[in-house]
Structure formats: structure tokens, C-alpha cells
Amino acid sequence: MKALLLENIHPDATRILADAGYEVENRRGALGETELIDALKGVSLLGIRSRTQVTERVFSQATDLEAVGAFCIGTNQIDLDAGAREGIACFNAPYSNTRSVVELAMAEIVALARHLTDKNKQMHDGLWDKSAAGSHEIRGRTLGLVGYGNIGSQLSVLAEAFGMKVLFYDVVDKLALGNAQRVDSLDELLAQAETISVHVDGREENAKLFGAAQFAKMRPRSLFLNLSRGFVFDPAALANAVRSGHIAGAAVDVYPTEPRAAGDPFTSELQGLPNVILTPHVGGSTKEAQVDIGRFVAGKLLDYVGTGSTIMSVNLPQVQVSTQQGTRVLHIHRNVPGVLAQLTRALSTHEANIAFQALNTNSEVGYVVTDVTSAQPGLVEELKQIPGTIRVRRLG
């Protein structure tokens, strides 16, 4: 059993997988598509972070692969539908680094309001400029959150503790925490908030969410933060808004194009601008978060290969399994009429005594977990022949 971990995943993940009997290969950087296909020969578990692209071609050629773990929040670097079509489960860590991102965002809001990066640079250059010009408290100011999921809602609570008023816009109806207030449109949020912080997911609808038009609609001398996805904003448009003075400061942690490995060169239109904080996609990169992510995702991968549980899978139907009773058969299939009837018929033909069974489906894929305490030989092979079958595994 082999596992491949890319992009400098925390060593705890390696230890957990190795303790479970896996031969673990670690690589520091990301891999391109062809490199990844070659590296996945004989590999059953793949761990990545944000830079490795797991494409349809990768899934179709990774014949030994059983599961992929994204050791981060985002999964837009993975073709989840292609993975489901190949019966390969994908998992992520939706909560583990939430606090780390929130703390960075809060720190950057304060730093931008006080122009701390400019002050710091002046001091390092030998210039003493003890002035309050352009520096403000954030207490009493309005924070506008674009996206009110795990990160946005936690930032909402922390910002209120600093005395900020919080507004948020989300396409999904969300329960407001504390005194936060929902607005009905992005334009309404931009017109009212003095600081805008973006915390959206990787769905296609969020691409180019912020361009020249949106920056122009923000209040004069407001602040902009993006710690979510690189493709949601136009760096050139933001740079122009900062140069013009319409945007008083910005903090960016993610970019439309990012280097594949530490030490690679980085360029952006935002480099060299005053009161602009640029960080190298480190929103969730704290020791605490990386330890938690390493343990959580590695545990999910092992749970899936060991028990068949797909709870918190981001591409397969979620099935909660019980303690295994006898032989466990896992059947992933296309969600088309007749598959379950044929599966039941095959179990009956092989005189399988069913001790446990669970089924769930989504629009494309169905997943059945069946524990049998007795069955005639050849059951698994017959299940593989059912039209619509994607993958069959046997445990025990």
C-alpha cells in the first residue's frame, strides 16, 4: 500500500499513514499533470494542497488510486466530478484552518487601518515619521463580508469584539451571528462597508467577482482583503484602484496564478504599492492548523479505505457505516434505474445473509455498503459485471 503526499504536508499525516501500514512518499512541491500521472503508478492514496491540479486525465489514468485528500479547505484544484466517475473518493479539511485565516484577516484589517507596513518600511529605511495622518481605529467602522461560511462567520464574531459593525452578503441564506446584518446584494454591501473582506468558495460563479466595476463601487478610501480564492479578483484592477487612491489599502493572500513550489519567483501588479500586504497563500499556514489538517485528512482517508465511510466526502454520496459485520462489500455505481435491483438480485443468488446495508445517491453516483455474514463464492465478481458499476471493493 502506497501513499503520495505533495506540497509539504505536515509530518503527522505521514506518521498516521505509515502507522497504518502505508509506504509514504513525500515531495515538497506540486506536480504537473503528466508528472502526477507517472508518480501515481501503484499509489492508492494521494495528498495535495492547493497547487496540484488533479484533472480528469489524472483520474482516468490513476488506476490504483482509491482516494484523494486535499489538506486544505479548497477543492477547486480537483475535478471532483471526474473523481466520482472513477469511484475515487475525495476529502478536504473544511474547518481545521478556519481560525488561522480569521486571525490573519483581523490582523491585516488593523495593520491596513494604521498603515503599519508603510511605517515599518520607513523605520527600516531610517525614517522617523511619528504621525497619525491616515491612521484610524477600526472600532465603529463597518466590515462587509462577501461570503458568510465557516471563515466569514467567525471573522464576523471577532470583528464585533473589536467594536466593528458587520454586514454580510451570501448567495445562501445564512444565520447571522451576534449583531451581524445580511444585505440583499453585493452592490448594497459595497456601498455601505468601509472594509471589504472576501471569503467565498471555489465555485465557477465566483470567478472574477471583483473587477474594476466592483472596486469603483466601493466607498472612497476603503480597504479590500482577499484570503479566499485567487480567481475571484482582478489584480490589475485592484492595483489601479490603489494607485488612484480610491482604495486606501489591500491585503491579498491568494492569486490567479501562483508559483508551484517554495522559492519559485512571484510577480504581481500589486507589488511595490503603498499600504498593500501581500502574503504567499499562508492564511491557513499556522503550526496549529497544519497539525490539525494533517491528522484530520489522513484520518478521513484511512477511514474510507478501512471502513468504506464517505462522511464528509466532497464528491461521493455520504454513507455512515456501522461496525463491520462479516465481509463488507462497497459498490459505487452510476445513479441510473435498475442498478440496485440487480445488486439485490446478485446478493440473493449468492445466498448472502445481509447483516448491514446502507445506500445513498447524488445526481450522478450511487454508493451501497453491504455487510454479509455468509455468501457463495463469486459475489464480488458478479457485482462488478452489473451495468453501471464504477467500482467494487471488498473489506474482510
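Residues numbered from 1 in each chain as written. Predicted model: local features only at pLDDT ≥ 70, side-chain atom pairs only at ≥ 80, totals over all residues. Heavy atoms only, no water.

Draft legend 1. Geometry of the overall build of the protein. Counting its secondary structure elements, the protein contains 13 helices and 16 strands. A principal-axis box enclosing the C-alpha atoms of the protein has dimensions of 85 × 45 × 30 Å. In the protein, buried positions account for 50% of the 396 residues. Here the analysis covers contacts within the protein between residues at least 6 apart in sequence; of these, 64% occur between residues at least 24 apart. Surface accessibility of the protein: about 18,200 Å² in total, with carbon and sulfur atoms responsible for 50%. On the protein, the mean spot of the 37 positive side-chain charges and the mean spot of the 43 negative ones are 3 Å from each other. (Helix = DSSP H or I, 4+ residues; strand = E, 2+ residues; numbered from the N terminus. Buried < 20%, exposed > 50% of the residue type's maximum accessible area, 1.4 Å probe, protein only. Contact = heavy atoms within 4.5 Å. Areas by Shrake-Rupley, 256 points an atom, 1.4 Å probe, with all protein chains shown as cover. Lys, Arg positive; Asp, Glu negative; His and termini not counted. Charge placed at Lys NZ, Arg CZ, Asp CG, Glu CD.)

Draft legend 2. Structural context of the sheet that holds strand β15 (residues 365–374). Read across the sheet, four strands follow the order β14-β15-β13-β16 without closing on themselves; strand pairing throughout is antiparallel. Each edge of the open sheet carries a strand with a single partner, namely β14 (353–361) and β16 (389–395). Here the average twist between neighbouring strands, direction ignored, is 15°. Pairing of strand β13 (residues 327–334) with β15 involves eight bridges; the strand directions are antiparallel. In the strand pairing of β15, L330 is matched with V369. Its contacts with the sheet put helix α11 (residues 287–307) on β13, β15 and β16, and the angle it makes with β16 is roughly 85°. (Pairing = 2+ DSSP bridges. Axes fitted to C-alpha atoms, helices over the stretch in contact; angles between N-to-C directions.)

Draft legend 3. How the structure looks around the sheet that holds strand β8 (residues 181–182). Spatially, β8-β7-β6-β9-β10-β11-β12 is the arrangement adopted by the seven strands of the open sheet, whose pairing is parallel. Looking at which strands have only one partner, the edges of the open sheet turn out to be β8 and β12 (276–278). Inspection of the sheet shows strand β7 (residues 165–169) paired to β8 by two bridges, in the parallel sense. Of the residues in β8, the one forming a bridge with F168 is R182. Helix α7 (residues 150–161) contacts β6 (142–146), β7 and β9 (195–198) of the sheet and is inclined by roughly 175° relative to β6.

Draft legend 4. Focus on the environment of G294. Positionally, G294 belongs in helix α11. In this structure G294 comes out as buried when scored by relative accessible area, which is 0%. Those residues within four positions of G294 in sequence are excluded, and the remaining contacts are A13, I16 and F71.

Draft legend 5. Representation of unusual backbone geometry in the model. The phi dihedral of N8 falls on the positive side, at around 60°, and the residue is not glycine. Relative to the helices and strands, N8 is located in the loop between β1 (2–5) and α1 (11–19). Of note, the phi angle at H115 is positive, near 55°, even though the residue is not glycine. Here H115 is to be found in the loop between α5 (98–113) and α6 (116–124).

Draft legend 6. Up close: the nonpolar core. Ranked by internal contacts, the top residues of the largest apolar core, which has 32 residues, are L17, L45, F71 and Y304. Counting residues per element, the ones that place at least two in this core are β1, α1, β5 (89–91), α11, β13, β14 and β15. Here the element with the most residues in this core is α11; it accounts for seven residues. In this structure Y304 touches E66, A67, G87, A89, F91, S309, T310, L316, I332, Y367 and R393, once residues within four positions along its chain are discounted. Listed in part, the 29 residues of the second largest apolar core include I196, L209, A239 and A250. (Core = buried A, V, L, I, M, F, W, Y, C linked by side-chain atoms within 4.5 Å.)

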